[in-house]
Amino acid sequence: MARARFQKLSPEKQEAILAAAADEFAERGYGAASLNRIIERAGSSKGSLYYYFDDKADLLRTVVERALAFLRHDQFPEVATLPRVVALQAGDAFETARL
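Small disclaimer: the values here were computed from a predicted structure and weren't measured.

Take the environment of Ala-21 next. Within the fold, Ala-21 resides in helix α1 (residues 11–32). The exposure class of Ala-21 is buried, given its relative accessible area of 0%. Residues Ala-21 and Ile-38 lie 17 residues apart in sequence; the distance between their C-alpha atoms is 5.4 Å. Once residues lying within four places of it in the same chain are set aside, the contact partners of Ala-21 are Ile-38, Leu-59 and Val-63.

For the rest of this paragraph, the subject is helix α2 (residues 35–42). Turning to α2, its buried residues are Leu-35, Ile-38, Ile-39 and Ala-42. When α2 is viewed along its axis, its buried side chains cluster within an angular range of 95 degrees and face the same direction. Capping of α2 at its N-terminal end is provided by Ser-34; its side-chain oxygen lies 3.1 Å from the backbone amide nitrogen of Asn-36. Positive phi shows up at Gly-43, right after α2, with a value of about 70 degrees.

Bringing the environment of Ala-42 into the picture now. If you trace the backbone, Ala-42 turns up in helix α2. Residue classification places Ala-42 among the buried positions, given a relative accessible area of 11%. Along the sequence, Ala-42 and Glu-15 sit 27 residues apart, while their C-alpha atoms lie 8.8 Å from each other. In this structure Ala-42 touches Lys-13, Ala-16, Ile-17 and Ala-20, once residues within four positions along its chain are discounted.

Cut-offs and rules
Residues numbered from 1 in each chain as written. Predicted model: local features only at pLDDT ≥ 70, side-chain atom pairs only at ≥ 80, totals over all residues. Heavy atoms only, no water. Helix = DSSP H or I, 4+ residues; strand = E, 2+ residues; numbered from the N terminus. Buried < 20%, exposed > 50% of the residue type's maximum accessible area, 1.4 Å probe, protein only. Contact = heavy atoms within 4.5 Å. Arc of directions from axis to C-beta. Polar contact = N/O pair within 3.5 Å; in protein donor to acceptor, adjacent residues only side chain to side chain.

In structure tokens:
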């Protein structure tokens, strides 16, 4: 999950980073995704990306968690009761990707 300081960014800057990351992961997959392309799309720097996220897996985790939160709360209220185990399993997948 993003470091607490990420929440201090403006909502617009948060969205720019997460949207750029989501696009990159969707287009290329986790393994081929490039942090350089993400920061270029977001208009950010590599140093600032590592200031807010531990690594690429942490960035992906944040993108997925935000997407799930959006779906659960805004778009599909009936999904809000999904068991927490789904999120935990997603976290396991990120840990595997990190290896």
